[in-house]
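Listed below, chain by chain, are the residues.
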Amino acid sequence: MVPVVPTWQLRAAFARRLSAMYGTEVPAYTTLVDVAGQVNDTVLREGGASAERLGGIERITAERHGAIRVGTPAELRQAAQIFAALGMEPVGFYDLRDTAATAVPVVSTAFRPVLPDELDRNPFRVFTSMLTPADRRFFDADLGKRLEAFLEHRELFPPELLDLAARAESEAGLPQEQAERFLTLAVASFELSPEPVDRAWYAELEKVSAVAADIGGVTSTHINHLTPRVLDIDELYRRMEDRGITMIDRIQGPPRWHGPDVLLRQTSFRALAEPRRFRETDGSISTGSLRVRFGEVEARGIALSREGRALYDRLVDAPAEEWAAHFPHSERQLAVEGLGFFTFEAVPGRPRDGRRPPGDLAGLLDGGWLTARPVVYEDFLPRSAAGIFQSNLTDPGARDAARSGAHYDQDRISEAVGRTVHDPFDLYAAQQDDSLARARGALDEA
Ligand code: OOG
Ligand code: NI
């Protein structure tokens, strides 16, 4: 028997190779990864076991999210096939067309493992955005048509890669030799292409949005950024600035405070000028530069329920005192009030003195019947995503709000992807409900 490289090893190897490739393309990324590693060492040394409450250091060290941008539903389906080979499924719908003052003409989902064991093995995720050429707020009918025609004629992923990906998905892995070929082709399809950029076409799209130009102005795709996870993002921010790397002016997401870390905090350094070749209108080739790729870093916290998320959304712009006055100060409070997600375990060998376990969660936790472990937030935040996009654009672009947008929601994006896009809240809730049922079962048996 030829040894088979199983799905999770394909995923881990892909994340590693993509990281090595991106490090050669954007050296500042390597600095970011180094500094993140140093900060994590410090936090582990000083915090001990509590530093690993939201994931073991091995997982955190390997943990990355990537961001890619594609042009059409057909391209999105192909990307989905490649990620399916890596055990990554589409989760969540993000509409970035009207989240910020100046919007971006894309709708997005994120591909990631959905089962807790798979996340522990390697939690690689890719935020994937698709251009919306039919959205008349951004593209008039003429430009929209030419853009769609341009996108239809390009090939982002070679057929051999897609065939291998389909095989890897159906066989839950690939034989060694095919795995090697699959990984080589997959990484190559996210490399920055040396192909000259059509100057006039790129510039025309850039007037609408730099993101539209980055997606539809070229004949290939590329990894836009690759984001390591850090345990103390405020400390990382300081250390990067000390090294003379200019960061965007703030950390996006919840504030730093003494209570539990929730959701996601992100920051980035600005896009760097990278040399690119251009084809001029007279056919000659020139060199210039484009600023599209940047370095991002993130700290992850506890996943919030719909109610917890609604509270977060209400407080996100509020001053720190408001946050402290209204947001739960402890994991216990998050769990008991149903604002955050946890997994539960029965405490073995607890003396009962003839008592039955109480029926409510507060009683079970306070009476020492169950322990709770926070569930890590594995997804993204539309506001931060829009903020990260925006902070890296030099030109706000143009949007005519009076015209009508193309409608998108979770069902429509599922149709575009050709696979069911999971609702992240449902995934977390199922994980919590399962563990609570098992923990109660164990208590009843004892
Ligand atoms: C994606 C921006 C969103 C995040 O971390 O929120 C994102 C992009 O720039 O293509 O990656
Ligand atoms: Ni990102």
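Not measured: the values here are computed from a predicted model.

1. Thoughts on the overall build of the protein chain
Part 1: Counting its regular elements, the protein chain contains 18 helices and 12 strands.
Part 2: In terms of overall dimensions, the protein chain is globule-like: its C-alpha atoms have a radius of gyration of 23 Å, near the 22 Å expected for 446 residues.
Part 3: Referenced to the eigenvectors of the C-alpha coordinate spread, the extents of the protein chain come out at roughly 90 × 60 × 45 Å.
Part 4: Residues counted as buried form 54% of the 446 residues belonging to the protein chain.
Part 5: Sequence-distant contacts in the protein chain: of pairs separated by 6 or more residues, those separated by 24 or more amount to 75%.
Part 6: Carbon together with sulfur atoms contributes 51% to the accessible area of the protein chain, which is approximately 19500 Å² in total.
Part 7: Charge-centre separation for the protein chain: the mean point of 52 positive side chains lies 1 Å from the mean point of 68 negative side chains.

2. Focus: the coordination of the nickel ion (ligand 2)
Part 1: Listed as protein donors to the nickel ion (ligand 2) are H65 (NE2), H225 (NE2) and E296 (OE); their distances from the metal cover 2.0 to 2.1 Å.
Part 2: Overall, the relative accessible area of 7% leaves H225 in the buried class.

3. Observations regarding the side chain of D234
Part 1: Turning to its location among the elements, D234 is positioned in helix α11 (residues 233–242).
Part 2: Take D234: its relative accessible area is 13%, and that puts it in the buried class.
Part 3: Here R256 takes part through its side chain, which lies 2.5 Å from a polar atom of the side chain of D234.
Part 4: Within the local environment of D234, its side chain forms a polar contact with the side chain of R265, the two groups lying 2.9 Å apart.
Part 5: Other than its neighbours up to four places away in sequence, D234 contacts I251, R256 and R265.

4. A few points about the pattern of salt bridges
Part 1: Tallied over the entire structure, the rule returns 37 salt bridges.
Part 2: Linking R69 and D214 is a salt bridge whose minimum nitrogen-to-oxygen distance equals 2.8 Å. Linking R69 in strand β2 (residues 64–70) with D214 in helix α10 (residues 210–216), this pair joins segments that are 145 residues apart in sequence. The exposure classification of R69 matches that of D214, with both residues buried.
Part 3: Notably, a salt bridge pairs R356 with D444, separated by 3.4 Å at the nearest N-O pair. Remark: D444 occurs in helix α18 (residues 424–445) and R356 occurs in the loop between β11 (342–346) and α15 (361–366); sequence separation between them is 88 residues.
Part 4: Through salt bridges that share partners, R59, E63, R125, R229, E298, R300 and E378 make up one connected network.

5. Things to note about the site of ligand 1
Part 1: Ligand 1 sits among H65, A67, R69, F127, N224, H225, Q266, F294, E296, F380, A385 and F389.
Part 2: In this structure, an oxygen atom belonging to ligand 1 sits 2.8 Å away from a side-chain N or O atom of Q266.
Part 3: The fraction of the free accessible surface of ligand 1 (320 Å²) that becomes covered by protein chains is 100%.
Part 4: If you tally residues by element for the shell around ligand 1, the top one is β2, at 3 residues.
Part 5: In terms of residue class, the shell around ligand 1 is built from 6 nonpolar, 4 polar and 2 charged.

6. Quick notes on the nonpolar core
Part 1: Membership of the largest hydrophobic core comes to 47 residues, with the highest contact counts inside it found for F14, L18, F83, F182 and F190.
Part 2: For this core, the elements supplying multiple residues, two or more each, are α1 (7–25), β2, α4 (73–85), β4 (106–112), β5 (125–131), α7 (159–171), α8 (176–188) and α17 (410–417).
Part 3: When residues in this core are grouped by element, the largest group, 7 residues, is from α1.
Part 4: Leaving out residues up to four positions away in the same chain, L18 has contacts with F124, V187, F190, I223 and L226.
Part 5: In terms of nonpolar packing, the next biggest core, distinct from the first, is built from 33 residues, W323, L381, L436 and L443 among them.

7. Notes on the packing of α4 against α7
Part 1: Remark: α4 packs on α7, axes separated minimally by 7 Å, with the N-to-C direction vectors making an angle of 45°. Relative to α7, the element α4 lies oblique. Like other packed secondary-structure pairs, α4 and α7 cross with a definite hand, here left-handed. Mapping the contact onto sequence places Q78, Q81, I82, A84 and A85 in α4 and L161, L162, A165, A166, A168 and E169 in α7.
Part 2: Looking at the contact of α4 with α7 residue by residue, the classes come out as 8 nonpolar, 2 polar and 1 charged.

8. A short note on the packing of aromatic side chains
Part 1: With the rule as written, the count across this model stands at 17 aromatic pairs.
Part 2: Taken together through their ring pairs, the aromatic side chains of F14, F83, F111, F124, F157 and F190 make up a single cluster.
Part 3: Looking at R199, its charged tip hangs above the ring of F278, at a distance of 4.0 Å from the centre.
Part 4: Sitting above the plane of the F380 ring, R300 keeps its charged end 5.5 Å from the centroid.

9. Considerations on the environment of E152
Part 1: The topology assignment puts E152 in helix α6 (residues 141–152).
Part 2: Judged by its relative accessible area of 64%, E152 is exposed.
Part 3: Through-space distance from the C-alpha of E152 to that of Y202 is 17 Å; in sequence the pair is 50 residues apart.

10. As for the sheet that holds strand β7 (residues 197–198)
Part 1: Pairing is mixed across the open sheet formed by 3 strands, whose spatial order is β7-β9-β10. Only two strands of the sheet have a single partner each, and these edge strands are β7 and β10 (285–300).
Part 2: Relative to strand β9 (residues 264–279), β7 runs parallel, the two being bridged by 2 bridges. By the bridge assignment, V197 is partnered in β9 with F278.
Part 3: In this fold helix α2 (residues 27–47) packs onto β9 and β10, with an angle of close to 160° to the strand it touches most, β9.

11. Section: the packing of α4 against α17
Part 1: Where α4 contacts α17, the axes come no closer than 7 Å and their chain directions differ by 75°. Judged by the angle between their axes, α4 and α17 are roughly perpendicular. Contact with α4, carried on its side by P73, L76, R77 and A80, involves I413, E415, A416 and V417 of α17 and no other residues of that element.
Part 2: Partitioning the contact of α4 with α17 into residue classes produces 6 nonpolar, no polar and 2 charged.

12. Regarding the environment of R270
Part 1: Relative to the helices and strands, R270 resides in strand β9.
Part 2: Distance in space between the C-alpha atoms of R270 and A166 is 37 Å, their sequence separation being 104 residues.

About the thresholds
- Residues numbered from 1 in each chain as written.
- Chains lettered and ligands numbered in written order.
- Predicted model: local features only at pLDDT ≥ 70, side-chain atom pairs only at ≥ 80, totals over all residues.
- Heavy atoms only, no water.
- Helix = DSSP H or I, 4+ residues; strand = E, 2+ residues; numbered from the N terminus.
- Rg over C-alpha atoms; globule rule 2.2 N^0.38 Å.
- Buried < 20%, exposed > 50% of the residue type's maximum accessible area, 1.4 Å probe, protein only.
- Contact = heavy atoms within 4.5 Å.
- Areas by Shrake-Rupley, 256 points an atom, 1.4 Å probe, with all protein chains shown as cover.
- Lys, Arg positive; Asp, Glu negative; His and termini not counted.
- Charge placed at Lys NZ, Arg CZ, Asp CG, Glu CD.
- Donors = N, O, S within 2.8 Å, 3.2 Å for Na, K, Ca; no water.
- Polar contact = N/O pair within 3.5 Å; in protein donor to acceptor, adjacent residues only side chain to side chain.
- Salt bridge = Lys/Arg side-chain N within 4 Å of Asp/Glu carboxyl O.
- Near = heavy atom within 4 Å.
- Nonpolar A, V, L, I, M, F, W, Y, C, P; charged D, E, K, R; others polar.
- Core = buried A, V, L, I, M, F, W, Y, C linked by side-chain atoms within 4.5 Å.
- Axes fitted to C-alpha atoms, helices over the stretch in contact; angles between N-to-C directions.
- Parallel < 35°, antiparallel > 145°, perpendicular 65-115°, else oblique.
- Left-handed = near helix turned anticlockwise from the far one by under 90°.
- Phe/Tyr/Trp six-rings, centres within 6.5 Å; stacked < 30°, edge-to-face > 60°.
- Lys NZ or Arg CZ within 6 Å of the ring centre and 35° of its normal.
- Pairing = 2+ DSSP bridges.

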